[in-house]
Protein chains: 2
Amino acid sequence: MANEALKSFKPTPASIPPPGVSYRLRVPDGTPVHYHALNPLAFVLRAAQIYPHKLAIVHPDVKHPVIYSYAVWAQRIQNLAYALIKAGIQPGNTVAYIAPNIPAIAEGYHGVLAAKGVLCPINTRLTQPEVAYILEHSEAKLLFVDHEYTHLVQGTKIPYIVINDTGKEDCPYEQFLTAGRKFSAERGWAGLEWERNEDAPCGLNYTSGTTGRPKGVLTTLRGSYLGAIANAYETGMNRDSTYLWILPMFHASGWTFPWAVTFAAAAQICLRSVSYPHIWNHLINSGVTHYCGAPTVQIGLINDPLARRLEKPVYTIIAGSAPTAHLIGELEKINIRPIHVYGLTETYGPSTKCYIQPEWDALPLEERAKLIARQGIPFATAEEARVVYPLQEGQSPDAPLVDVPKDGKTMGEIVFRGNIVMKEYFKDPEATRKAFRGGHFNSGDLAVWHPDGYIAIMDRSKDIIISGGENASSLAIEQELASHPDVLEVSVVARSHPKWGERPMAFVILHPQRAAKWAGRHGAFEQDLKAHARKRLPGFACPEWVSVVQELPKTSTGKIQKVELRKLVAKL
Amino acid sequence: MANEALKSFKPTPASIPPPGVSYRLRVPDGTPVHYHALNPLAFVLRAAQIYPHKLAIVHPDVKHPVIYSYAVWAQRIQNLAYALIKAGIQPGNTVAYIAPNIPAIAEGYHGVLAAKGVLCPINTRLTQPEVAYILEHSEAKLLFVDHEYTHLVQGTKIPYIVINDTGKEDCPYEQFLTAGRKFSAERGWAGLEWERNEDAPCGLNYTSGTTGRPKGVLTTLRGSYLGAIANAYETGMNRDSTYLWILPMFHASGWTFPWAVTFAAAAQICLRSVSYPHIWNHLINSGVTHYCGAPTVQIGLINDPLARRLEKPVYTIIAGSAPTAHLIGELEKINIRPIHVYGLTETYGPSTKCYIQPEWDALPLEERAKLIARQGIPFATAEEARVVYPLQEGQSPDAPLVDVPKDGKTMGEIVFRGNIVMKEYFKDPEATRKAFRGGHFNSGDLAVWHPDGYIAIMDRSKDIIISGGENASSLAIEQELASHPDVLEVSVVARSHPKWGERPMAFVILHPQRAAKWAGRHGAFEQDLKAHARKRLPGFACPEWVSVVQELPKTSTGKIQKVELRKLVAKL
């Protein structure tokens, strides 16, 4: 689809809703006049009411592109809700999705809520047994699966609907919607009831879980509503914004962006995969203003041959790991403005933000980047993030948590509480109890607390390297190694050492334009990088080993899987 | 105070909080990990945490100007909370304020909540007996009164504290704060407890009530939180914004802007009175980006001799009555961008917004202004505004409300429901029941509903003119008369007529630069205006009488008091 179609979007007459269409669901009897249960479904309805003819969602880079105005899209969402009810979905039932970033799953984020169901998006990179486990554990009653991923549901007993991703009449998903429309008997939104309880479940997001079975993070309508508003506000999205789907929608409810985008009444562009040519095409030609991505995605972006300075600023929400000075500098050079946020699936994705202080603008990039790389302060609607002394094994789970001093040195664990913390791990009271020790969600992330109130992650607790009795932060080491001009990406893990207990081992991808310089001379590069490290790090934190690799093992969201690197190291 | 001080605000060392200061109140035992009671107190605490050294509030145009950073201001608010508790304020107790737009009342909006009190701001233009009634009805336990208004509380038995508005040690209010600080014994925020119930009362706002006793509109913490976020988002306020206090803070909780400004971590400028020289000075020199004001204030602003085109756009939130095409055009000429919102004290002030559709930009001003003058669509977090057939006397209050057709013609009453509707009229179950007929708040405003979903007020039900059996909207008549080039301001009311029952009578203020033209020839002006009207209005809506006046009776928020005009007319 030509990008011109996107820029000059004009709805076809068929997309114009009849005058007087109402976007109100029935309010349950007995609801007080001054109460309306918070529910992010409200946003798409409001957007359709205000801007019926505005571009809501477009899926351009496929054989059969689709483009929907808010009015048409809201109608599709309504059809989905009725179809789910027709299919027997009851309030609280789980509806699973296995799909890349296509309109159908975006529709699910609203339509499933309108049917009072719970949306369980499943990572498309999982194996068939992993998917089977999640489908069973989540008690999914119905499943939507993209045509590319049907092999993942072979043999499942759960009824499923295949999405051909064409928007054409012969697509089973489209037929499902059409049946929903018929079933609605034109009762419209008023034929559906607003969920009475804002603490009702909204999403069931299975964590990637590097060890053991994945856990189902249960979110609420209230949390999703408040999280989405915060994301829209903190990233400056409004009705003139265009959001590009790079971050998978299946990851942590897409960090609540499926709702944040509709709160802002912005437009969204779907993408089946992280394809840099397509991304650059949209950044240059489609008026994109916002996208989310982990640093590794950003590294790919700035190093793509198509990369060039953008005319208008584009805001990128970076999380997953801290951006390095090098990355921030490169992004800024091409007019991409990083917004560094931090959170976990258990906190609806972003929950803290590294607020840029006005006076930082005057600092040199290296210094500024160090400040920006910190995880920051709870953002709008997120109430509390603290760094506390970790509870010791055997200590009472009710023992009050004690803050570490705000000295930028003492390491503790980041804990959260408030409206954008998950309700529980689904059907796992034991894990919930453990995660909620001390009346807070215990993140497992180790951090220091700076005097200015900013939290800075040092490491996941399991990623700390204990070298000669000293705690070395693998993240801090990575930050310094990444400042070497020839390093594209780097990951550091502990490797056992006969004398020091553990020592850091670095896995490095060389910058493609600089790799030739070291071809056949990786030993020389190793010496060069070690010398670079010694100038910047204490001895115990300098890498003992450096391995140049072609790629690093990553999760679907682009997080480096250190568990895989550790497995590798264990075999050395 | 020089405006330079504002622009180049640098906190004094004393204003820098000690490192590690915590902005967390104690969370009540038993609060779930994933729950935090919504409360707009959260915003100022977050602003102080993120931007301790940023300008929070300034009071420049007084003999003893004050200027506070967020850290210092938060400390003052904390002192106030402790002082209130020391003074015996219990959760749910009413604390009253009689003050213009000075820092002390802005502090009250946060400090009273921190003490779990209920803030009752009293209109400074009321008479002593009216104030006495409110103090008694609200059961105020404590009263803050600005030094200029102490005559209003003569003889009251309620303990009160005088605010000299100097910020100096000898001010009783400052002494009160100092005593609070001592009483806190440096327990800080952690010595105070977060209110557990978000449905708890927040504000008690007495409506001006043109007939009968004023009614106390009771708001909740939840509603104030959600209303303030919506106002910050819908007006585009952020940490770089500067808000100028023209709208009285005592009016409908200042439309929630005392909290919206802190949600945005913006700066606010206080003003003791609506002084156009001061306002223009700040618009030109102090970096103001936002202010709220009724059309009548805006008319004064554009006609002030100091008026000139502003370098950077300033956003003005207009409510109270619809802006005319003339007003919109004049504001735009000087780079002031109107945001037209609508609401009542019972809806926390703004609750709908006239969203500007992109295609309106291409329309001629007259046409565009007609669209912008409509009251619009419920805004972010406001759930439902409808136009329904008014319930008839004698009809069951539980009878379901029926929407009028969205035809732009059929008149009905605007009703609201949702989180930003008041909880009740304090101690007036009868009035509450009446206002909440049909499970909605019945606004008393008559409107039509346009096919595009926009609500447009025709009149307050009591302002409709029944002329020859036809319903004539006084607002619609005013809109047309205001387009006469020599009219500065106009108000239309019904006057009884022997043949037609009622006929419109217009009260007109001539434009100061055009008044000379009609000096001694008001009869000629009357003919000219009537001819102007006949070209634009049906016969029954044309004014039968025109009276040129020097001023119009107004409420403290600048609303024209038609009740006074009707009294005048009754004597003719």
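Fair warning: this is a prediction, and the values are worked out from it, not measured in the lab. (Residues numbered from 1 in each chain as written. Chains lettered and ligands numbered in written order. Predicted model: local features only at pLDDT ≥ 70, side-chain atom pairs only at ≥ 80, totals over all residues. Heavy atoms only, no water.)

Engineer: Can you tell me about the overall build of chain A, naming the residues and giving the values?
Structural biologist: What chain A contains, in helices and strands, is 16 helices and 25 strands. Within chain A, the fraction of its 572 residues that count as buried is 61%. Restricting to contacts in chain A with at least 6 residues of sequence separation, those with at least 24 account for 68%. With an accessible surface of roughly 21,800 Å², chain A has 53% of that area assigned to carbon and sulfur atoms. Side chains of chain A give 59 positive and 54 negative charges; the mean places of these two sets differ by 2 Å. (Helix = DSSP H or I, 4+ residues; strand = E, 2+ residues; numbered from the N terminus. Buried < 20%, exposed > 50% of the residue type's maximum accessible area, 1.4 Å probe, protein only. Contact = heavy atoms within 4.5 Å. Areas by Shrake-Rupley, 256 points an atom, 1.4 Å probe, with all protein chains shown as cover. Lys, Arg positive; Asp, Glu negative; His and termini not counted. Charge placed at Lys NZ, Arg CZ, Asp CG, Glu CD.)

Engineer: Explain the relation of the copies chain A and chain B to me, using residue names and the numbers behind them.
Structural biologist: Superposing chain A onto chain B requires a rotation of 180 degrees together with a translation of 0.0 Å along the rotation axis, leaving an RMSD of 0.1 Å. These values place the two chain copies in the arrangement generated by a two-fold rotation axis. Using C-alpha coordinates, one finds that chain A approaches the rotation axis most closely at Tyr233(A), a distance of 3.4 Å. A shared binding surface is used by both copies, with 100% of the interface residues of chain A retained as interface residues in chain B. (Least-squares fit on C-alpha atoms with pLDDT ≥ 70 in both.)

Engineer: Outline the packing of aromatic side chains, supporting the account with residue identities and numerical values.
Structural biologist: Taken as a whole, this structure holds 28 aromatic pairs over all chains when the rule is applied. Ring geometry for Tyr342(A) against Phe416(A): centres 6.0 Å apart, planes inclined by 35 degrees, an arrangement best described as tilted. With Tyr342(A) in strand S13 (residues 336-344) and Phe416(A) in strand S17 (residues 412-417), this pair connects stretches of sequence that are 74 residues apart. A relative accessible area of 7% places Tyr342(A) in the buried class. Site record: aromatic cluster; members linked through ring pairs are Phe43(A), Tyr225(A), Phe263(A) and Tyr233(B). (Phe/Tyr/Trp six-rings, centres within 6.5 Å; stacked < 30°, edge-to-face > 60°.)

Engineer: Help me get a handle on helix H9 (residues 276-285) of chain A, residues and values and all.
Structural biologist: For the α-helix, the turn length of 3.6 residues means that residues three or four positions removed from each other point alike. Residues and elements named next belong to chain A. Every buried residue of H9 is accounted for by Tyr276, Ile279, Trp280, His282 and Leu283. Angularly, the buried residues of H9 cover 160 degrees about the axis, an arc narrow enough to put them on a single face. After H9 finishes, the residue Gly287 shows a positive phi value of roughly 70 degrees. (Arc of directions from axis to C-beta.)

Engineer: Which residues make up the pattern of salt bridges, and what are the values?
Structural biologist: By the definition in use, this model includes 62 salt bridges over all chains. Here Glu430(A) and Arg433(A) are joined by a salt bridge, their closest N and O atoms 2.9 Å apart. Taken as a pair, Glu430(A) and Arg433(A) lie in helix H13 (residues 429-435) at a separation of three residues, close to a single helical turn. In this structure Arg433(A) comes out as exposed when scored by relative accessible area, which is 53%. Overlapping salt bridges bring together Arg24(A), Glu384(B), Arg386(B) and Asp403(B) as one network. (Salt bridge = Lys/Arg side-chain N within 4 Å of Asp/Glu carboxyl O.)

Engineer: Now, about the packing of helix H10 (residues 295-302) of chain A against helix H11 (residues 325-333) of chain A: what can you tell me, with residues and values included?
Structural biologist: All names here are of chain A. In contact at an axis separation of 10 Å, H10 and H11 are set at 50 degrees when each is read in the N-to-C sense. By the angle between their directions, the pair H10 and H11 is classed as oblique. H11 is crossed by H10, and the crossing has left-handed handedness. On H11, the residues touching Pro295, Gln298, Ile299 and Ile302 of H10 are Leu327, Glu330 and Leu331. Looking at the contact of H10 with H11 residue by residue, the classes come out as five nonpolar, one polar and one charged. (Axes fitted to C-alpha atoms, helices over the stretch in contact; angles between N-to-C directions. Parallel < 35°, antiparallel > 145°, perpendicular 65-115°, else oblique. Left-handed = near helix turned anticlockwise from the far one by under 90°. Nonpolar A, V, L, I, M, F, W, Y, C, P; charged D, E, K, R; others polar.)

Engineer: I'd like a rundown of the sheet that holds strand S20 (residues 455-460) of chain B, residues and numbers included.
Structural biologist: Whenever strands of a sheet pair, they do so through backbone hydrogen bonds, lying parallel or antiparallel. All names here are of chain B. Ordered by their spatial adjacency, four strands build an open sheet running S16-S17-S19-S20, and the pairing between neighbours is antiparallel. Of all strands in the sheet, those bounded by a partner on one side alone are strand S16 (384-388) and S20. Across the sheet, the axes of successive neighbouring strands diverge by a mean angle of 45 degrees, strand direction being ignored. In this sheet, strand S19 (residues 441-449) lies alongside strand S17 (residues 412-417) in antiparallel orientation, the contact comprising four bridges. In the sheet register, Glu413 faces S19, and the bridge partner there is Leu446. (Pairing = 2+ DSSP bridges.)

Engineer: Please set out the interface of chain A and chain B residue by residue, giving values where relevant.
Structural biologist: Listed as interface residues are 61 residues of chain A and, on the opposing side, 61 residues of chain B. With both sides pooled, the region where chain A packs onto chain B buries about 4,700 Å², and carbon together with sulfur makes up 54% of that total. Summed over the three residues of chain A that lose the most area to chain B, namely Val33(A), His34(A) and Tyr233(A), the buried surface amounts to 17% of that side. On inspection of chain A and its partner chain B, the count reaches eight salt bridges. (Buried area = accessible area lost by both parts, 1.4 Å probe.)

Engineer: Any chance you could break down helix H2 (residues 41-50) of chain A for me, citing the residues and the numbers?
Structural biologist: Here H2(A) lies mainly inside the structure; eight of its ten residues are buried. All of the buried residues in H2(A) are Leu41(A), Phe43(A), Val44(A), Leu45(A), Arg46(A), Ala47(A), Ala48(A) and Ile50(A). Its buried side turned inward, H2(A) meets helix H3 (70-86), helix H4 (103-114), helix H7 (221-234) and helix H8 (257-263) of chain A together with helix H7 (221-234) and strand S15 (377-378) of chain B.

Engineer: How would you sum up the domain arrangement of chain A? Please name residues and give values.
Structural biologist: All names here are of chain A. If you check the domain split of chain A, you get domain 1 (1-28 + 43-263), domain 2 (274-460) and domain 3 (465-570). A separation of 22 Å is found between the C-alpha centroids of domain 2 and domain 3. Contact residues are listed per partner, giving 17 residues for domain 2 and 17 residues for domain 3. For the pair domain 2 and domain 3, the summed buried surface comes to about 1,300 Å²; carbon and sulfur atoms form 54% of the total. For domain 2, the biggest contributors to the area lost against domain 3 are Thr296, Asn303 and Asp459; these three give 33% of the whole. For the pair domain 2 and domain 3, the interface holds zero salt bridges. Sorting the residues of the side of domain 2 that touches domain 3 by element identifies H10, H11, helix H12 (365-372) and strand S20 (455-460) as the ones contributing at least two each. If you tally residues by element for the side of domain 2 that touches domain 3, the top one is S20, at three residues. Residues that form the side of domain 2 that touches domain 3 fall into these classes: nine nonpolar, five polar and three charged. (Domains from an automatic or database assignment.)

Engineer: Break down the sheet that holds strand S9 (residues 242-244) of chain B for me, citing the residues and quoting the values.
Structural biologist: Residue and element names in this part refer to chain B. With mixed pairing, nine strands are arranged side by side in an open sheet as S2-S1-S10-S9-S11-S12-S13-S14-S15. At either margin of the open sheet sits one strand with a lone partner, and together these are strand S2 (66-69) and S15. Across two bridges, the pairing between strand S14 (residues 349-353) and S15 is antiparallel. Each bridged residue has a counterpart across the sheet, and for Thr352 the counterpart in S15 is Pro378.

Engineer: Tell me about the packing of helix H3 (residues 70-86) of chain B against helix H4 (residues 103-114) of chain B, residues and numbers included.
Structural biologist: All names here are of chain B. Two numbers describe how H3 lies on H4: the axes approach to 8 Å, and their chain directions differ by 55 degrees. Accordingly, the angle class assigned to the pair H3 and H4 is oblique. With respect to the hand of their crossing, H3 and H4 are arranged in right-handed fashion. Across from Trp73, Arg76, Ile77, Leu80, Ala81 and Leu84 in H3, the residues of H4 making contact are Ala106, Glu107, Gly108, His110, Gly111, Val112 and Ala114.

Engineer: Explain the environment of Arg368(B) to me, using residue names and the numbers behind them.
Structural biologist: Residues and elements named next belong to chain B. With respect to the helices, strands and loops of the structure, Arg368 is situated in helix H12 (residues 365-372). Classification of Arg368 as buried rests on a relative accessible area of 13%. The sequence separation of Arg368 and Asn164 amounts to 204 residues, and the corresponding C-alpha distance is 47 Å. Dropping the residues within four chain positions of it, Arg368 is found in contact with Glu332, Trp360, Asp361 and Leu363.

Engineer: How would you explain the side chain of Asn335(B) if you had to name every residue and give the values?
Structural biologist: Residue and element names in this part refer to chain B. Position of Asn335 relative to the elements: it lies in the loop between helix H11 (325-333) and strand S13 (336-344). In this structure Asn335 comes out as buried when scored by relative accessible area, which is 6%. The contacts of Asn335, once residues within four sequence positions are left out, are Arg309, Leu310, Glu311, Lys312, Pro313 and Val314.

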